[in-house]
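# Commentary on secondary and tertiary structure
In case you want the letters, here they are:
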Amino acid sequence: MANTNLQFKTNYAVSSKIEPFYKGGKVQISKDEKYIFCTCGSRVNVLEISTGKIIHCVEHDDQEDITSFALSCDDEMLVTASRALLLKQWDWRQANCTRSWRAIHTVPVASMTFDSTSTLLATGGCDGTIKLWDVVKQYCTHNLKGSSGVVHLVQFHPNTDLLQLFSSSLDCGIRIWDLRSSQCVCVLQSHYSAVTSLSFSPDGNAMVSSGRDKICTVWDLKTRKAKRTVPVYEAVEGVVILPGSTDLAEIRVKSKDLHFITAGSKGVLRVWEASTARCVYTQTLPSTLPSASEEDENDNPRSLTYLFHLPASARLATVTAEHNILLYQLPALTTQQQFVGYSDEVLDVKFLGKGDSHIVVATNSCQLKVFELLTNSCQILYGHTDTVLTLDVFKKGSLFASCAKDRSVRVWHMDSDSGQVRCVAQGSGHTNAVGSISCSRMKASFVATGSQDCTVKVWDLPADCSAEGGIHQLTARATEKAHDKDVNSVAVSPNDKLLASGSQDRTAKLWSLTVEGTVSLLGVFRGHRRGVWAVCFSPVDQVLATTSADGTAKLWSLQDFSCLKTFEGHDASVLKVIFVSRGTQLLTSGSDGLVKLWTIKTNECVKTLDAHQDKVWGLHASRKDDKMVTGSADSNITVWSDVTEIELAEEQAKQEDQILKQQELSNLLHGKKYLKALGLAISLDQPHTVLTVIKAIREGENSSELLEKTLLKLRQDQKESVLRYCVVWNTNARNCLNAQAVLQVLLTHLPPEELLQYQGARSHLEGLIPYTERHMQRIGRLLQASMFLNYMWQKMRVAGGPSSTGQDEDMDTTPLAQAQPFFVIDKEKKSGSDERRDEGNDSDGEQDEDPDSCVEDEEELEDVSATNKASTDNGRVENGASHKTNGKHHSESEESSEEEDQEEETTVKKTKGLPVSSAQQCQTFAS
């Protein structure tokens, strides 16, 4: 091994992350056009358009999914609705909930909107009703009934003097509500499918509606009649009336007549002239992207789901079905910015550009994404027609290559000045998916690929790929049948003279790359027990690193093909390996979500980074060796920086301080010094730790008196924290009894005047009411069920006992424990019955005979080829989230149901500990 004076790396710290921020659902842009608001599960994320960073995040404490939200027209107020039927009002800049109240809807809210004065809020529910709220005076002003099914669209007329609300539901009609009389004054009938969008003219006299029935309708709002129906031949999700005062000649708007622009299933923006029902302009797609046909229009990944007009900056914003947000500049409709809300599985990631300023990412998609690390702005590259599997970057960092399931290879060039990326070369010749690619190291002269067709190909590149012009066609100078199974990885040596390949056949091979263009076998590396996932040459030594599905990484000599070292530590397949610290250390990533740093000389794992929650497919180090980037199947991309010894010492000091405090807390609990323990737990600001102390107090003797005595001795700020924690605990049935015990003490002994002085006390108490009522209802049902069990037990006793004819059959309320059992177990026959039961269970018998079969099955599941690493099911996103179904998920759901059953039994036993009047007390204080 090379003996260098380099200091070994000891740790990496996260410097930045690119995480999913939008998984489907509503999107809204602020009035000042600086922020994009979008839903992501139980959160509303606020994206700053200028930087591409998530600067604020609003999240419900109960972790319930947000079904809808609305931002007021003055950009000051955000209101969210969750599946728990709660409406929350937020100061979104501080991520602070200022007020929460119960939605009167009986089912979740589907749509929300503010009027232009930011005082009226309309909510459309899945129960077919519409509620209007005065958010200033805080009361419900209207309850509009008459819609059929889910009210998925509510919108105020821009003229506030008219006091009109427009809505649409499952009957496909557009209802006009007069808010003065609370009556529906008209139903506009034209569409035969869901109405998706409404756009009003500047004077408010005309309106255009769009639908999934492939038509747009122009309405005269004075006569409330349809002026014209425009067939647009695609399901339209968004429509915007173009401003008449702007020169839009570039998109062929040449008259002052009404023009509108549509966005829908074909994935392009189109401009229509209302008077003639004629399409005057169609947005041009990238030349490499085929337009959607009628058959695949519904599954088109580029289909548009939202369309917004930004008048102050003369821009349009669209949202695609793949959760990308694109901004176009009028009048030419040139792409200005692109943001990726959700990347699905990250299959590979590499540093790119001058100074490693960008990263290029392959996801479970046919598109490539190039992120600028400074702004998170993204370029979406079209070219491949099937999932891109692997990437590699040439030495200078401006050229990179990709391969995909479409059996093709593409070479891309990034302009150093503008940062724009374009495809400069492509080639095809493999007969199956191309799962691995490697670029030449000395200069950009060739690329090598490995495929599921078991072959390795070497492709010559033109002399100057970066020159302006068309796309060069690549031809393979050499093709070699390399392995008996899929080729998972190829790597080119630093001097461009050797090629290594790793395969599903459990071997790695070394090949010579001659000047004549032939590929000849030099030797075979044997020793892995499962398929080889990755191969990598050392930058300084005559060694090759390999990783395998057997959970190990190995180091091999290029001289005699012997195994020099084996690195064991991953619990599952090791997917990637790279050399760092000038070949003295290794970085490996696995399907266990871990990244490990190894020192080769000592064969020791220096650091384990708990990087991700799923398989880490992407692993790459920067050219300066000071950063690395990882990409995972959990959709997250993480950039790591090499941590200095000083930073590491500070981090260790913080960790040691936390450990000392935890130890001190444990000692206090052991010594039953509960007041000090509770104060220490509150100072750590860890609700779970505080809950542990509360549980310890309630497990002792005279628990009620002890809890009351301890809580009342806390300072006011500590009581505020405990009240805040109670709101979180109360959302979980497992912790609600502890939360209610604490609440009983606070609400009973503290006067309302003192409680209402606590920060956020009103919103906390309002948030407690619905969950407390839910717990009380559940306990009532359990008590009824337990009485029914007693009744059934009595009937069973009567049936099994002496005759009771003529006696009153009143229910016996004797506890079950006192009743005599009527089941008799024959101990002599017990063993025989057990034997028969075992004989009848063939599957259990087989499992007992072969205890390792389960482990082997799990390993076989992991032992798949590189071309199958992006599963079809995992790649689909439905209703804004990716759904994965496997045995693990089923087991988790079964466990959770068992836990709920246990919680309900515990709740019945401890019913006396729940204060019956706590909900009423909360409501009294809140009002």
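Residues numbered from 1 in each chain as written. Predicted model: local features only at pLDDT ≥ 70, side-chain atom pairs only at ≥ 80, totals over all residues. Heavy atoms only, no water.

### Points about the pattern of salt bridges
Worth spelling out the cut-off: Take a side-chain nitrogen of Lys or Arg and a carboxyl oxygen of Asp or Glu: if they are within 4 Å of each other, that pair is a salt bridge. Comment: elements are numbered from the N terminus, with helices defined as DSSP H or I runs of at least four residues and strands as E runs of at least two.
This model, assessed by the stated rule, comprises 17 salt bridges. Taking the shortest distance from any N to any O, the salt bridge between R441 and D392 comes out at 2.8 Å. Of this pair, R441 sits in the loop between β38 (434-439) and β39 (446-451) while D392 sits in strand β34 (residues 388-393); the two residues are 49 residues apart in sequence, bridging distant segments of the chain. Bridged by salt links that share partners, the residues K9, D625 and D642 form one connected network.

### Notes on helix α4 (residues 703-712)
The condition is simple: Residue exposure (1.4 Å probe, protein chains only): buried if accessible area is under 20% of the type maximum, exposed if over 50%, otherwise partly exposed. Comment: arc refers to directions from the helix axis out to C-beta atoms.
Along α4, the residues classified as buried are L707, T710 and L711. Burial along α4 is one-sided: seen end-on, the buried residues are contained in an arc of 95°.

### A few points about the sheet that holds β34
Rule in force here: Here, a strand pair is defined by DSSP locating no fewer than two bridges between the strands.
The mixed open sheet is built from five strands, whose spatial order is β34-β35-β36-β37-β41. The sheet is open, and its two edges are formed by β34 and β41 (472-473), each paired on a single side.

### Observations concerning the nonpolar core
Put simply, the test is: As used here, the term nonpolar core means buried Ala, Val, Leu, Ile, Met, Phe, Trp, Tyr and Cys residues forming a set that is joined through side-chain atoms within 4.5 Å.
Core analysis: the biggest nonpolar cluster contains 36 residues, and L678, V690, I694, L711, W729 and V742 have the highest contact counts within it. For this core, the secondary-structure elements that each account for two or more residues are α1 (645-670), α2 (674-683), α3 (687-699), α4, α5 (716-729), α6 (736-749) and α8 (761-800). By residue number, the principal contributor to this core is α6, which donates seven residues. Formed by 18 residues, the second largest nonpolar core is a distinct cluster that contains I251, V253, L269 and L330.

### A short note on empty space enclosed by the protein
Test applied: Definitions used for this entry: grid spacing 1 Å over protein atoms alone; cavity, a set of points where a 1.4 Å probe fits but cannot get out; pocket, an open set with protein on both sides within 12 Å along at least 5 of 7 lines; lining residue, one with an atom within 4 Å of a point. Grid points are joined across faces, edges and corners, and a volume is the space filled by probe spheres set on the points. Amino acid classes used here: Ala, Val, Leu, Ile, Met, Phe, Trp, Tyr, Cys and Pro are nonpolar; Asp, Glu, Lys and Arg are charged; the rest, including Gly, are polar.
One pass over the structure, following the stated rule, counts three cavities of 30 Å³ or more. In this structure, the second largest cavity occupies an estimated 40 Å³ of space. Forming the boundary of the second largest cavity are P301, R302, T320, E322, N324, L326, Q367, I380 and Y382. Considering only residue class, the lining of the second largest cavity consists of four nonpolar, three polar and two charged.

### Notes on the packing of aromatic side chains
Which entries qualify depends on this criterion: Only the six-membered ring of Trp is used, alongside the rings of Phe and Tyr, when aromatic pairs are assigned; centres must lie within 6.5 Å, and planes under 30 degrees apart are stacked while those over 60 apart are edge-to-face, with the rest tilted.
Overall, the coordinates contain eleven aromatic pairs when judged by the stated rule. Centroid distance F400 to W412: 6.3 Å. Interplanar angle 10°. Geometry classified as stacked. Placement of the pair is F400 in strand β35 (residues 399-404) and W412 in strand β36 (residues 408-414), with a sequence separation of twelve residues. Each member of the pair, F400 together with W412, is buried. Arranged with centres 5.3 Å apart and planes meeting at 65°, the rings of F525 and F561 form a pair that is edge-to-face.

### So, the environment of A194
Put simply, the rule reads: When checking whether two residues touch, look at their non-hydrogen atoms; a contact exists if any pair is within 4.5 Å.
Tracing the sequence through the fold places A194 in the loop between β17 (183-188) and β18 (195-200). Along the sequence, A194 and A235 sit 41 residues apart, while their C-alpha atoms lie 9.8 Å from each other. If we skip the residues at most four places from it in the chain, A194 touches H152, C172, S210, G211 and R212.

### Points about the pairing of strand β48 (residues 543-548)
Burial analysis of β48 places six of its six residues in the buried class, which makes it a mostly covered element. Of the two faces of β48, the one carrying V543, A545 and T547 and the one carrying L544, T546 and S548 are both buried. In this sheet, β48 lies alongside strand β47 (residues 532-537) in antiparallel orientation, the contact comprising five bridges. Residue V532 lies in a different strand from β48, and its bridge partner there is S548. Taken together, the five bridges between β48 and strand β49 (residues 552-557) define a ladder with antiparallel strand orientation. Within the sheet, the bridge partner assigned to T547 lies in β49 and is A553.

### A word on α2
By the criterion of burial, α2 is predominantly enclosed, with seven of the ten residues buried. Where α2 is concerned, the buried positions are Y674, A677, L678, G679, L680, A681 and I682. Count one or two residues on from α2 and you reach D685, which has phi positive near 55°.

### Quick notes on the pairing of β17
The two faces of a sheet get side chains in turn, since along a regular strand they alternate between them. As paired elements, strand β16 (residues 174-178) and β17 share five bridges and run antiparallel to each other. Within the sheet, the bridge partner assigned to R175 lies in β17 and is V187. The hairpin formed by β16 and β17 contains four residues between the paired strands, and S182 there has a positive phi angle of roughly 60°.

### Quick notes on unusual backbone geometry
For the bond from L330 to P331, the omega torsion is 5°, close enough to zero to count as cis. Along the chain, P331 turns up in the loop between β28 (324-329) and β29 (334-340). One non-glycine residue, D75, lies in the positive phi region at around 65°. Along the chain, the position of D75 falls in the loop between β6 (66-71) and β7 (78-82). Positive phi values are uncommon outside glycine, yet C172 reaches one of about 70°. Along the chain, C172 turns up in the loop between β15 (164-168) and β16. By relative accessible area, C172 is classed as buried at 12%.

### Remarks on the side chain of H358
Among the structural elements, H358 can be located in strand β31 (residues 358-363). Contact partners of H358, with chain neighbours within four places excluded, come to K350, F351, L352, V370, F371, E372, L373 and M414.

### Regarding the packing of α5 against α6
When two helices pack together, their arrangement is given by the angle between the helix axes and the distance between those axes. Applied cut-off: Helix axes are fitted to C-alpha atoms over the stretch in contact, other axes to C-alpha atoms as well, and angles between N-to-C directions run from 0 to 180 degrees. Here a crossing is called left-handed whenever its near helix is offset anticlockwise from the far helix by less than a right angle, and right-handed whenever the offset is clockwise.
Here α5 crosses α6 at 145°, and the two axes come no closer than 9 Å. In the crossing of α5 with α6, the sense of the turn from one axis to the other is left-handed. Taking contact as the criterion, the partners of V722, L723, C726 and W729 in α5 are, on α6, C736, A739, V742, L743 and L746. Broken down by class, the residue content of the contact of α5 with α6 amounts to nine nonpolar, no polar and no charged.

### Details of the sheet that holds strand β56 (residues 627-632)
Sheet strands associate in pairs through backbone hydrogen bonding, adopting either a parallel or an antiparallel arrangement. With antiparallel pairing, four strands are arranged side by side in an open sheet as β1-β57-β56-β55. If you trace the sheet from one side to the other, it starts and ends with β1 (12-18) and β55 (616-621), each paired once. Each adjacent strand pair in this sheet contributes to an overall mean axis angle of 20°, direction not counted. As defined by bridge partners, β55 adjoins β56 across five bridges and the pair is classed as antiparallel. In the strand pairing of β56, L619 is matched with T630.

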